[in-house]
Amino acid sequence: MADEQAPRPQVGLFVTCLVDFFRPGIGFASVELLEQAGCQVTVPEAQSCCGQPAYNSGDLADTAGLARQVIENFAAFDYVVAPSGSCAGQIKKYPDLFETGSAWRRRAEDLAGRTYEILSFLDEVMQIEPPRSDFSGRVTYHDSCSGLRQLGIKDQPRRLLSGSPALELNELSESETCCGFGGTFCVKYPDISTRMVNDKTDDILATGAETVLGGDLGCLMNIAGRLKRRGAPVKVRHAVEVLAGHTSEPAIGDEEEAG
Amino acid sequence: MAVAEADFRARARKALSDEDLQSALAKAKGGFVDKRANAILDLPEFEALRERGRQIKDHTLAHLDTYLEQFEGNVTRQGGQVHYALDAESARETILGICRDAAAKQVIKAKTMAGEEVGLNEALEAEFETVESDLGEYIIQLAKEPPSHIIAPAVHKTRAQITELFDHHHHQKSGGPLRETPDLVDEARGVLREKFLGADIGISGANFLVAETGTITLVTNEGNADLSTSLPRVHIAIAGVEKLVPSMREVSSMLRLLARSATGQQITAYTTFITGARRPEDLDGPEELHVVLIDNGRTRMLGDEFREMLRCIRCGACMNHCPVYSAIGGHAYGWVYPGPMGAVLTPMFRGLDSSQDLPNACTLNGRCQSVCPVKIRLPYLIRRLRDQSFEQQITGPFARWAIRTWGWLARRPALYQQLTGLMRPALRLFGRGSARRVPLAGAWTAGRDFPLPSGKGTFQQQWREKRGEKRT
Ligand code: SF4
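Residues numbered from 1 in each chain as written. Chains lettered and ligands numbered in written order. Predicted model: local features only at pLDDT ≥ 70, side-chain atom pairs only at ≥ 80, totals over all residues. Heavy atoms only, no water.

**Details of a nonpolar patch on the surface**
Residue and element names in this part refer to chain B.
1) Next: On the surface, a cluster of nonpolar side chains totalling about 380 Å² of accessible area is made up of Trp408, Leu415, Leu419 and Leu422.
2) Next: No other element matches helix H21 (residues 413-428), which puts three residues into the nonpolar patch.
3) Next: Here leucine 422 shows up in helix H21.
4) Next: By relative accessible area, leucine 422 is classed as exposed at 63%. (Patch = residues over 30% accessible without salt bridge, like charges linked within 9 Å, V, L, I, M, F, W, Y side chains within 5 Å. Areas by Shrake-Rupley, 256 points an atom, 1.4 Å probe, with all protein chains shown as cover. Salt bridge = Lys/Arg side-chain N within 4 Å of Asp/Glu carboxyl O. Helix = DSSP H or I, 4+ residues; strand = E, 2+ residues; numbered from the N terminus. Buried < 20%, exposed > 50% of the residue type's maximum accessible area, 1.4 Å probe, protein only.)

Pasting the structure below:
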């Protein structure tokens, strides 16, 4: 926990377009965890997307435009935190969009140095104790590729989840294999993507887990969508939902209570 | 035997429903991945070795002209001849010319990806009796198919299919019982032995070319390269110019990387160093030695940002760890180089306009880069090809329009949020929790349900409300 005497770190939450639109609960769980960790959280209104769809489609002009917007609007914070490894990873790639030595490049590098994915931020920067939760059940964890390979996120979520004594973690047999989401890939090459996510869900079912956790909503929607199509009753959630104790909300793709 | 590059999607779809292919791929994949992982566990300095591999290759590429000159001098001094081929056609012509000059009738070939790259097989087969001596290559030669993997060319074939091929070609029968692997291998060995003895010309690739000594390094697990290069009168080695390394010291580092990355071995069963043609005191060996060095677009790459792709040592680790490759196999990629390395090399060598699907059919998950023994930033290069595709308008007009419109909107957060705020409730009408079908989302819903937006509004809408409450 942060020292009571020290000024509270100012955190700008980069909500991500998917969380904003599809699953706001991940945003609220993130705010709660950050505040519990002693951060002062602000959510800049002027934000939309980190630019991955444009960047990975080769549209560098639009990506740079979005990057400038994020650089401007998140200039004032000690840290920028996103509930997604791939979006945090994208912000960390902004410097490549600007010429070496340019002012934008310097600003982009400064932003990249302050930007974190939420689980690794809580674990490594804020160094919080694993939050105690009474979540119980068998879970498995999907390591999303950007988080895993670009940001080195693997142990951090597992450490944080270890504060839930009744949570039993069964690892996937191919935990480092992509789920087939890949941003626009999943709709450009749906046959291949479906095959990949089918393999992933085979793997998930083999663990006997009741819930799949992960840190990237894109992958989680892909996995949830395939599990639903297969009629498998496995629940899918972002890890922050469990850590913040927000598991009364229906899991991703599950029906909401009437009313 | 080249298949058309266009229509990647159709080939991928076909591959996904090809049960034989799927069972062959499933079998191969685990083997490669686990063996490599185990081999690396036994070598704690593997990461340092990768870094050394990268440096060796970068250094050589930076001084390629010097090393080429040195290599040529040393080969010539030892009775060999070096030929340069600017493109595929001149490579084929050079090799055919050597064969004609030698009044050759039979050619025996060891595996060479450079040979595949320049379409050597078809050219040879038109004039000479040509036999592949690598078991995998031999199998696909019988099947009249191109290789589907750079180190295991027949990895897409099941044992049943190979039984059928051998029964048909060796015994003119079909429908026989499934045969065991050792039985098939023995039979191929028997057939090939004859061919080794009768061949006038032996053609091989090269894994490394050593500048300091003029040595050609070849690795195999079958020993076929040794027979192919030592028994015939003439040995022709074909290789890309990037195969150069400065000295034997570097070769030993590269061999340690190559065997572990390719097959999970500490060292391959056969490692052959060929230096010069037969000397008077030698007991065997070819009278003539020719090294055909191909450019075929390589020096152009040397000068641009794709240079690091020339570090590639053709180990196949990137495709073995690629989830797209393991779903669709090598033939879907449409040319001799499949998987992540092919997604970069095919557009480089054949043009991006005929292969634009390749760099796009990738999730950029990065596993290929994490296993590449010479640390090629494959996802970065693949993404850079997408930039080129967009810039040169190879990306289709609709895709460009869609992405630009979205980009325009995303740069206007207020408008963006108004629109997404309106879309949410509309989307929620399509189901409860998730939907089996949503307009315009057919590509997603073909194999997946669509998880619908949850909660009472976008995060930003709800956040504004909450903050409003706090203030009052
Ligand atoms: S790109 Fe790297 S991993 Fe792939 S074949 Fe070449 S050296 Fe091997």
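**With respect to the interface of chain B and chain A**
1) Next: The partner chain A presents 67 residues to the 69 residues of chain B that form the contact.
2) Next: Linking chain B with chain A are eight salt bridges, by the criterion used here.
3) Next: Between arginine 467 of chain B and glutamate 45 of chain A there is a salt bridge; the shortest N-O distance is 3.7 Å.
4) Next: Remark: the boundary between chain B and chain A carries 34 residue pairs in polar contact (both at pLDDT 80 or more).
5) Next: It is H21 of chain B that provides the largest number of residues to the side of chain B that touches chain A, a total of eight residues.
6) Next: Residues that form the side of chain B that touches chain A fall into these classes: 28 nonpolar, 20 polar and 21 charged. (Contact = heavy atoms within 4.5 Å. Polar contact = N/O pair within 3.5 Å; in protein donor to acceptor, adjacent residues only side chain to side chain. Nonpolar A, V, L, I, M, F, W, Y, C, P; charged D, E, K, R; others polar.)

**Quick look at the site of the ligand**
1) Next: Taken together, the neighbourhood of the ligand is formed by 15 residues, with Cys312, Cys315, Gly316, Cys318 and Cys372 of chain B sitting nearest.
2) Next: When the residues that make up the shell around the ligand are grouped by side-chain class, the tally is 13 nonpolar, one polar and one charged. (Near = heavy atom within 4 Å.)

**Observations regarding the environment of glycine 276 of chain B**
Residue and element names in this part refer to chain B.
1) Next: Its location among the elements puts glycine 276 in the loop between strand E9 (270-275) and strand E10 (288-294).
2) Next: Taking the relative accessible area as the measure of exposure, glycine 276 reaches 7% and is therefore buried.
3) Next: Distance from glycine 276 to alanine 114, taken between C-alpha atoms, is 21 Å for residues 162 residues apart in sequence.
4) Next: Setting aside anything within four residues of it in sequence, one finds glycine 276 in contact with Gln78 and Leu289.

**Here's the deal with the packing of aromatic side chains**
1) Next: For the structure on display, the rule yields 21 aromatic pairs over all chains.
2) Next: Residues phenylalanine 28 of chain A and phenylalanine 459 of chain B carry aromatic rings whose centres are separated by 4.6 Å and whose planes lie at 45° to one another, so their mutual orientation is tilted. Here phenylalanine 459 of chain B lies in helix H23 (residues 459-471) and phenylalanine 28 of chain A lies in helix H2 (residues 24-36), a pairing that spans two chains.
3) Next: Judged by its relative accessible area of 0%, phenylalanine 459 of chain B falls in the buried class.
4) Next: Ring centres of phenylalanine 459 of chain B and tryptophan 463 of chain B lie 5.6 Å apart, and the angle between their planes is 15°; on these two criteria the pair is classed as stacked. Taken as a pair, phenylalanine 459 of chain B and tryptophan 463 of chain B lie in helix H23 at a separation of four residues, close to a single helical turn. Across the pair, exposure class does not vary: phenylalanine 459 of chain B and tryptophan 463 of chain B are buried alike.
5) Next: Chaining the aromatic ring pairs together yields one cluster made of Phe185 and Tyr189 of chain A together with Phe8, Tyr325 and Tyr333 of chain B.
6) Next: Just above the ring of tyrosine 116 of chain A sits the side chain of lysine 92 of chain A; from NZ or CZ to the centre is 5.5 Å. (Phe/Tyr/Trp six-rings, centres within 6.5 Å; stacked < 30°, edge-to-face > 60°. Lys NZ or Arg CZ within 6 Å of the ring centre and 35° of its normal.)

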